[in-house]
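# Structural overview for review
As a plain string of letters, each chain reads:
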Amino acid sequence: ETGVTQSPTHLIKTRGQQVTLRCSSQSGHNTVSWYQQALGQGPQFIFQYYREEENGRGNFPPRFSGLQFPNYSSELNVNALELDDSALYLCASTDVGDEQFFGPGTRLTVL
Amino acid sequence: GESVGLHLPTLSVQEGDNSIINCAYSNSASDYFIWYKQESGKGPQFIIDIRSNMDKRQGQRVTVLLNKTVKHLSLQIAATQPGDSAVYFCAETFGSARQLTFGSGTQLTVLP
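Read on for an overview of the structure. Computed from a predicted model, the values in this text were never measured in an experiment.

The next point concerns the interface of chain A and chain B. At the junction of the two partners, chain A supplies 18 residues and chain B supplies 18 residues. Where chain A abuts chain B, roughly 1,400 Å² becomes buried across the two surfaces, and 50% of that area is made up of carbon and sulfur atoms. Remark: the boundary between chain A and chain B carries zero salt bridges. At the surface where chain A touches chain B, the tally comes to four residue pairs in polar contact (both at pLDDT 80 or more).

Spelled out as structure tokens, the structure:
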């Protein structure tokens, strides 16, 4: 176990709805990254937060947004859900090094 | 765009044999590479990493080889066990955000 937790485990939404996913990083880790993993694919980088500021973003539209809180936990928000947003959403935390510790993920299904 | 790719989508090996999983990367600016293991329903689990100033790194039963000339990465697993069955991803990172770029993965199946 990495100490990174995510909630909820599974989620079902309908197209057009909004969703919030949560991540609690490993103790002492001030950087959180979010990834989207479609079925049968490798994870794709969405964005990263460092000390409550966005610190890099992948090729995802603005309806994917995030927050990081003073305790370094984080949220991923997705507006106007589309069918293609169905995926496993992973968060990973890191401290000063490069190693990223992944949580178990949230499985989002959009109907 | 630049991405990390894998040569084989599936690999089956006999229990006790050695496994070799290959990966090609295209971003010459990448300076850190990682192999992850992902079991069904779980997040990626760190196996071993290597920096671009190294050619080889060994862990417990695993070895990573980096060939920067041909931009190739490999993971060797010695004496493969049933518990090694999983999807294996290579990933590279570069830049200030240290974002990971993953390949599509190789499904390793260990046969009894």
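Alright, that's what it looks like, and here's the rest.
Moving on, we get to the side chain of B:Lys37. Structurally, B:Lys37 can be placed in strand β4 (residues 32-38). Among all residues touching B:Lys37, those that are not within four sequence positions of it are B:Gly43, B:Pro44, B:Gln45, B:Ile47, B:Gly83, B:Asp84, B:Ala86, B:Val87 and B:Tyr88.

For the rest of this paragraph, the subject is the sheet that holds strand β8 (residues 74-78) of chain A. Strand pairing within a sheet occurs via backbone hydrogen bonds; the two strands may be parallel or antiparallel. Residue and element names in this part refer to chain A. What the four strands build is an open sheet, ordered β1-β3-β8-β7; its pairing is antiparallel. For this open sheet the edge positions go to β1 (5-7) and β7 (64-68), each flanked by a neighbour on one side alone. Averaged over neighbouring strand pairs, the angle between their axes works out to 20° when direction is ignored. Sheet analysis places β7 next to β8, joined by five bridges and oriented antiparallel. Within β8, the position partnered with phenylalanine 64 by the bridge is valine 78.

What counts, and where the lines are drawn
Residues numbered from 1 in each chain as written. Chains lettered and ligands numbered in written order. Predicted model: local features only at pLDDT ≥ 70, side-chain atom pairs only at ≥ 80, totals over all residues. Heavy atoms only, no water. Contact = heavy atoms within 4.5 Å. Buried area = accessible area lost by both parts, 1.4 Å probe. Salt bridge = Lys/Arg side-chain N within 4 Å of Asp/Glu carboxyl O. Polar contact = N/O pair within 3.5 Å; in protein donor to acceptor, adjacent residues only side chain to side chain. Helix = DSSP H or I, 4+ residues; strand = E, 2+ residues; numbered from the N terminus. Pairing = 2+ DSSP bridges. Axes fitted to C-alpha atoms, helices over the stretch in contact; angles between N-to-C directions.

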